[in-house]
Each structure stands twice: as structure tokens, then as C-alpha cells.
Amino acid sequence: MTSPFLIDEKRMRGRRHAAERRFKFFAATALVLACAFLVFFLVDIALKGYSAFRQAEIQVDVHYTEAAQTNPYEALNPDEVRLVSRSFTRIIPMRMSEDPGLLGSHEFVWVLASAEVDQYLKGKPNRLREKEIRLIDQMVAEGRAKLAFNWGFFSSGDSKLPELAGIKSAAIGSVYVLFLTLLFSFPIGVMCAIYLEEFAPDNRLTQIIEVNINNLAAIPSILYGLLGLAIFINFFGVPRSSALVGGLTLALMTLPVIIITTRASIRSIPPSIREAAFGLGATPLQVVWHHTLPLSLPGILTGTIIGLARAMGETAPLLIVGMMAYIPDPPSTFKSAATVLPAQIYTWASDSQRAFSERTAAGIIVLLAILLLMNGLA
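All figures in this text were calculated on a predicted structure; none of them were measured in a lab.

Caption draft 1: The overall build of the protein chain, seen in detail. When its secondary structure is counted, the protein chain shows 16 helices and three strands. Scaling as 2.2 N^0.38, a compact globule of 378 residues should have a C-alpha radius of gyration of about 21 Å, whereas the protein chain reaches 30 Å, well beyond that. Taking the principal axes of the C-alpha coordinates as reference, the protein chain spans close to 100 × 75 × 35 Å. Here the protein chain, with 378 residues, has 41% of them falling under the buried criterion. Residue pairs in contact within the protein chain that sit at least 24 positions apart in sequence constitute 76% of those at least 6 positions apart. Summing over all exposed atoms, the protein chain offers an accessible surface of approximately 20,900 Å²; the carbon and sulfur share of this is 66%. Here the protein chain contributes 33 positive and 30 negative side-chain charges, whose respective centroids are spaced 12 Å apart.

Caption draft 2: Structural context of the pattern of salt bridges. If you walk through the whole model with that rule in mind, you get 17 salt bridges. A salt bridge links Asp 118 to Lys 122, with the nearest nitrogen and oxygen atoms 2.9 Å apart. Assessed through its relative accessible area of 2%, Asp 118 is described here as buried. Judged by relative accessible area, Lys 122 falls into the buried class, the value being 16%. One salt-bridge network, in which partners are shared between bridges, spans Asp 118, Lys 122, Lys 124, Glu 358 and Arg 359.

Caption draft 3: Fine view of the sheet that holds strand β3 (residues 145-149). Spatial strand order, β2-β1-β3: three strands in an open sheet with antiparallel pairing. Two strands lie at the open edges of the sheet, namely β2 (106-112) and β3, each paired on one side alone. In this sheet, neighbouring strand axes are inclined to one another by 35° on average, regardless of whether the strands run parallel or antiparallel. As paired strands, strand β1 (residues 54-63) and β2 are joined by seven bridges and run antiparallel to one another. Across the sheet, His 63 pairs through a bridge with His 106, a residue of β2.

Caption draft 4: Representation of the packing of aromatic side chains in the model. One pass over the full model with this rule turns up eleven aromatic pairs. Note on Phe 153 and Trp 348: the rings are 6.1 Å apart at their centroids and 40° apart in plane angle, and the pair reads as tilted. Here the residue Phe 153 occupies a position in helix α7 (residues 152-155), and Trp 348 occupies one in helix α15 (residues 341-349), the gap between them amounting to 195 residues. Of the two residues, Phe 153 and Trp 348, neither departs from the other in class, the shared state being buried. Put simply, the rings of Phe 53, Phe 149, Trp 151, Phe 153, Phe 154, Trp 348 and Phe 356 pair up and form one aromatic cluster. Directly above the aromatic system of Trp 110 lies the positively charged group of Lys 146, at a separation of 4.4 Å from the ring centroid.

Caption draft 5: Representation of empty space enclosed by the protein. Tallying each qualifying case throughout the model produces two cavities of 30 Å³ or more. The volume enclosed by the largest cavity comes to roughly 50 Å³. Looking at the largest cavity, the residues that line it are Ser 174, Val 177, Leu 178, Leu 250, Ala 311, Met 312, Glu 314, Leu 318, Val 340, Leu 341 and Pro 342. Counting residues per element, the ones that place at least two in the lining of the largest cavity are α8 (168-199), α13 (284-312) and α15. The element best represented in the lining of the largest cavity is α8, accounting for three residues. The residue inventory of the lining of the largest cavity, partitioned by class, reads nine nonpolar, one polar and one charged. One number sums up the size of the second largest cavity: a volume of about 30 Å³. Forming the walls of the second largest cavity are Asp 158, Met 323, Met 324, Ala 325, Thr 339, Ala 343, Gln 344 and Thr 347. When its residues are assigned to classes, the lining of the second largest cavity shows four nonpolar, three polar and one charged.

About the thresholds
Residues numbered from 1 in each chain as written. Predicted model: local features only at pLDDT ≥ 70, side-chain atom pairs only at ≥ 80, totals over all residues. Heavy atoms only, no water. Helix = DSSP H or I, 4+ residues; strand = E, 2+ residues; numbered from the N terminus. Rg over C-alpha atoms; globule rule 2.2 N^0.38 Å. Buried < 20%, exposed > 50% of the residue type's maximum accessible area, 1.4 Å probe, protein only. Contact = heavy atoms within 4.5 Å. Areas by Shrake-Rupley, 256 points an atom, 1.4 Å probe, with all protein chains shown as cover. Lys, Arg positive; Asp, Glu negative; His and termini not counted. Charge placed at Lys NZ, Arg CZ, Asp CG, Glu CD. Salt bridge = Lys/Arg side-chain N within 4 Å of Asp/Glu carboxyl O. Pairing = 2+ DSSP bridges. Axes fitted to C-alpha atoms, helices over the stretch in contact; angles between N-to-C directions. Phe/Tyr/Trp six-rings, centres within 6.5 Å; stacked < 30°, edge-to-face > 60°. Lys NZ or Arg CZ within 6 Å of the ring centre and 35° of its normal. 1 Å grid on protein atoms, 1.4 Å probe; cavity = no way out; pocket = protein on both sides within 12 Å on 5 of 7 lines; lining within 4 Å. Points joined across faces, edges and corners; volume = space filled by probe spheres on them. Nonpolar A, V, L, I, M, F, W, Y, C, P; charged D, E, K, R; others polar.

Following this line, the structure appears as C-alpha cells:
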């Protein structure tokens, strides 16, 4: 006869196994859902943004007449005026003034098409008239209209014309800001962490500092923007919208992350290494400089890269310090007006013109690629 104790034990074991299977199922389901959302997000962004890497170009016959010197639209066929980007018509008088020999001549040139033509060739909604659509179809059949790789997206700055807008100025501004962020946050953060972990006494003041550092790592980033506005711009007089004020503001935001990750890396070093160094007569500074710091450096660099990746994707603090302005040219110095990739993406996303939506998605693709590269390096 089977013992009641054995029956209860089998029943309890069966319940435990069933609970374990349910837990594994829920965990696997959560993982599948997370991956599905991530794939959906990446595919959606790619489908919306890949078209921005191609730009419409058309071939037009440009007549350099006297009338074109004052009215550049006179140099083009009247039917093709609305098909050409205004960026080209603006430079016709300039070209004629630089080269007087052009007067009275004409040439066939490939030029940027307008945003509406670009959207039509990509099969997207546009505001072209029936006559203009027939003309474009005719130009496509004649080989005078095409979609080419959009080098201007990487070599041009921001523009009010969608077909001319690029990320060059924002990318250079991001490099300036990240360089300053690293320059100010890395040495200060590492030294603070070393002092707190290796030299600071365990007293009430140290505990208060540690609690505040942990709190600073979790507060909303826009508060750092308010802090940067109050301290760096209003008190120290740092130029508004400059890479310098952006780098200093993001350095404040990155500092707690670097301190926390550096302390965790230092704490993971086995105590036996320190004890062996002290046993050989090393001073506390020599122990830190020759043993603790080199062994914890991989973890410190990982935390720093992750902190910089977070800083690169921030928009809210830079909005407060004025780095959301229209900046068509890249900054020449750290005090020059600058913008960054997240701010540029935000500016394009808020524009009412349809053609800027694909620029927005393309900018997100570039930003994601950089962030994935930084996290992969970490």
C-alpha cells in the first residue's frame, strides 16, 4: 500500500514542475514579445527612412541669358521651373557673375529636383499637377529623371528645403558635444569614485554623498538642462546654443553614471590583490594606480561608453540650453552655435512638409547605428 506521505510528495512535486513550466512559458513569451516589438520598430523605421538615402535628380536645359541675371527662372523652360529645386536657381546668377563667358550659352545639367518631384518618383503623396506629372513621366522615359544616392544627406547641413537638408552640421556638433562631455565627466567621475571607494572614511557625510549620487543618476534629464541654464549660461556666461554649454550640461548628466559604474568595477577587484600589494610595502596610492585602476579599467570604460551613448540620445537638456535652433553650418569652434543629431531629428519631425518625415526616419537610422556601435564596443 502506497504511503500517504509519498502521495503528497508526488503531488507537491508535480505542482512544482507545473509551476516551473508555466514560469518558463511566461518568460519565453515575454522574450518573444520584446523581440517582436524591437523588430517591428526597426523594420518600421527602415521602411520609412531608407528612401531618404536616394534623391531625385532631373536634367534641364539652362539658358544663360541677360534676363536670367536678374530672374534666374528665365534660364529654365517654364514647364520645368516648379520641378527644379530652388537651391539650383539661386546659384544661376552667381555662376554667371563668376564666369561672364556663360552669357548667351546654354547647357544640359543634372540638378536636384524639388521635394514634390522626389516624393512622386518614390511613390509617395505629393502636390504636383497633372501637367507636371505627365512631364516627369516623359522625362523618366527619356532618361532625364532618376533617383541617385543622396550624398547631400551626409555632406550638407540643415535647410528649409527638404531635398537639400542633411546631417553634416548636426553630426559635427554631436562630435564636439560628446568630446567635451567625455573631457569633463570622465576624469572627474573616475577620481570621485576612487576617492569614495578607496580613501573616504565610512561616516555620515560619505553616506549622504553616496545617496545623492544614486539619486542624481535617476532624475529626469531635463532638470540637468535647467541646471546648465542657471549655472553655465546665466552665471558663468557660456554662449547659449554652443557646443561648450551642451557638453558641460551633458557632462553633469553623465557624471553620476560614471561614478556608479567605476565604483562597481573597483569593488569587483579581489581584496587579495590589495593585501598582496600592501604586504610588499606599497602605499595606498601605489595600490590604486598600479593594481586597482588597471584591473578595473575595462568596467570603467564600459560604463563610460554607456553613459556617453545615453548622452548622445538626449534632447531635453539641450532644448533648455538653446541647442534646438536652425543651424545650417557646422560649428567652427566650441563656442560657435551648434546642434546635435537628436535635436536635428526633433526639428525635422516637427516640420509640416511631408518630405521631412523620411529625413526624420533616416536621421533615426543613423543615430541608432551610432548608438548600437557604441553599445557593441562597450
